[in-house]
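Survey of secondary and tertiary structure
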Amino acid sequence: MHAPTISTVVQQLKGAVTKQIGHSVWQKLFHDHIVRGDKDYAMIWEYIENNPAKWMDDCFYRE
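Quick summary incoming for the structure in this document. Quick caveat: nothing in here was measured; it's all calculated off a predicted structure. (Residues numbered from 1 in each chain as written. Predicted model: local features only at pLDDT ≥ 70, side-chain atom pairs only at ≥ 80, totals over all residues. Heavy atoms only, no water.)

1. So, the overall build of the chain
The helix and strand tally for the chain stands at 2 helices and 0 strands. Compactness check: the chain gives a C-alpha radius of gyration of 16 Å against a globular reference of 11 Å for 63 residues, more than 25% above the reference. In the chain, which comprises 63 residues, the proportion classed as buried is 3%. Side-chain charges of the chain comprise 7 positive and 8 negative groups, with the mean position of each set lying 11 Å from the other. (Helix = DSSP H or I, 4+ residues; strand = E, 2+ residues; numbered from the N terminus. Rg over C-alpha atoms; globule rule 2.2 N^0.38 Å. Buried < 20%, exposed > 50% of the residue type's maximum accessible area, 1.4 Å probe, protein only. Lys, Arg positive; Asp, Glu negative; His and termini not counted. Charge placed at Lys NZ, Arg CZ, Asp CG, Glu CD.)

Structural data, given as structure tokens:
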């Protein structure tokens, strides 16, 4: 027996939620990235922290 990959865990989570609510709410793919140091971590953290504030400027945003 071996440990599941991140992709397997994400796939199972998405499948369970989709089954429970009756339709998919997920994007088809996800982007993963190996964090290679403190500077890389800080850039990713800043993106995650600030991204929701930019939603109204996104091309997919609709009021």
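2. Observations regarding the side chain of aspartate 40
Summarising the element assignment, aspartate 40 is placed in helix α2 (residues 38-50). For the buried aspartate 40, no salt bridge is present, and the opposite-charge side chain at shortest range is arginine 36, 5.5 Å distant. When residues no more than four places from it in sequence are discounted, the contact partners of aspartate 40 are His33, Ile34 and Val35. (Salt bridge = Lys/Arg side-chain N within 4 Å of Asp/Glu carboxyl O. Contact = heavy atoms within 4.5 Å.)

3. Re a nonpolar patch on the surface
Residues Ile21, Val25 and Trp26 make up a contiguous nonpolar surface patch of about 270 Å² in total accessible area. Looking at the element boundaries, isoleucine 21 is found in helix α1 (residues 6-21). A relative accessible area of 43% means that isoleucine 21 is categorised as partly exposed. (Patch = residues over 30% accessible without salt bridge, like charges linked within 9 Å, V, L, I, M, F, W, Y side chains within 5 Å. Areas by Shrake-Rupley, 256 points an atom, 1.4 Å probe, with all protein chains shown as cover.)

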